[in-house]
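Structure at a glance
Given next are the chains, with one letter for each unit.
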Amino acid sequence: MDELSIRIRIANREFPMRVAPEEETRVRKAAKMVNEQMHTYSEQFGIQDPQDLLAMVAFDSLVLQMKTTENLESTEKNHAFSLRELDSILTNVLKQDDL
């Protein structure tokens with residue numbers, strides 16, 4: 001599979017990247033989101049240092065990722081419990097039909 005050579009701009013710096021064609025849109029959107037979040041933090045908190053702004057974006061992104069992971073794990077546990085319950089009900093129904 002061929003990779004694309006692209007350049008993305010984050011905090012007024014360009015970064016060359018090689019990405020799979022199907023990832024290009026996602027990578028460009030991510031760069032745009034980082035820049036927008038940096039701009040938001042700059043306006044909200046009056047911070048101008050790009051390094052501080054990037055640290056805040058990275059921190060918030062990690063917190064969001066952790067929350068998403070925890071929610072996914074909780075959902076998976078709930079689904080597993082529901083499937084065990086359903087299996088138990090169906091097993092009981094099938095046993096009654098055998099009688």
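A few points on the structure.

As a further point, take the overall build of the protein chain. A tally of regular secondary structure across the protein chain gives two helices and two strands. The N-to-C order of helical and strand elements in the protein chain reads β-β-α-α. For 99 residues, the compact-globule formula gives about 13 Å, and the C-alpha radius of gyration of the protein chain, at 23 Å, lies well above that figure. By its C-alpha atoms, the protein chain is 75 × 40 × 15 Å across when sized along the principal axes. Residues classed as buried in the protein chain amount to 13% of the 99 residues present. Considering only residue pairs separated by 6 or more positions, the protein chain has 15% of its internal contacts joining residues 24 or more positions apart. Surface exposure of the protein chain reaches about 8400 Å², of which carbon and sulfur atoms provide 55%.

Attention now goes to the nonpolar core. Of all hydrophobic cores here, the largest spans eleven residues; its members are Ile-6, Ile-8, Ile-10, Ala-11, Val-19, Val-27, Ala-31, Met-38, Tyr-41, Leu-53 and Val-57. Of all the secondary-structure elements, those providing two or more residues to this core are β1 (4–10), α1 (24–45) and α2 (50–98). If one sorts the elements of this core by residue count, α1 sits on top with four residues. Apart from the residues within four sequence positions on either side, Ile-10 is in contact with Phe-15, Ala-31, Val-34, Asn-35, Met-38 and Leu-54.

So, about the packing of α1 against α2. Packing of α1 against α2 leaves a shortest axis separation of 9 Å and a crossing angle of 110°. Classified by the interaxial angle, the pair formed by α1 and α2 is roughly perpendicular. As for the relative orientation of α1 and α2, their crossing is right-handed in sense. In contact with Val-34, Gln-37, Met-38, Tyr-41, Ser-42 and Phe-45 of α1, α2 contributes Pro-50, Leu-53, Leu-54, Met-56, Val-57 and Asp-60. Considered class by class, the residues forming the contact of α1 with α2 number nine nonpolar, two polar and one charged.

On to the pattern of salt bridges, then. Using the criterion set out here, one finds six salt bridges in the structure. Note that Arg-18 is salt-bridged to Glu-3, the shortest N-O span being 3.6 Å. Separated by 15 residues along the polypeptide, Arg-18 in strand β2 (residues 13–19) and Glu-3 in the segment before β1 bring together distant segments of the chain. Arg-7 serves as the salt-bridge partner of Glu-14, at 2.7 Å between the closest nitrogen and oxygen. The structure contains a network of salt bridges with shared partners spanning Arg-7, Arg-9 and Glu-14.

Definitions and cut-offs
- Residues numbered from 1 in each chain as written.
- Predicted model: local features only at pLDDT ≥ 70, side-chain atom pairs only at ≥ 80, totals over all residues.
- Heavy atoms only, no water.
- Helix = DSSP H or I, 4+ residues; strand = E, 2+ residues; numbered from the N terminus.
- Rg over C-alpha atoms; globule rule 2.2 N^0.38 Å.
- Buried < 20%, exposed > 50% of the residue type's maximum accessible area, 1.4 Å probe, protein only.
- Contact = heavy atoms within 4.5 Å.
- Areas by Shrake-Rupley, 256 points an atom, 1.4 Å probe, with all protein chains shown as cover.
- Core = buried A, V, L, I, M, F, W, Y, C linked by side-chain atoms within 4.5 Å.
- Axes fitted to C-alpha atoms, helices over the stretch in contact; angles between N-to-C directions.
- Parallel < 35°, antiparallel > 145°, perpendicular 65-115°, else oblique.
- Left-handed = near helix turned anticlockwise from the far one by under 90°.
- Nonpolar A, V, L, I, M, F, W, Y, C, P; charged D, E, K, R; others polar.
- Salt bridge = Lys/Arg side-chain N within 4 Å of Asp/Glu carboxyl O.

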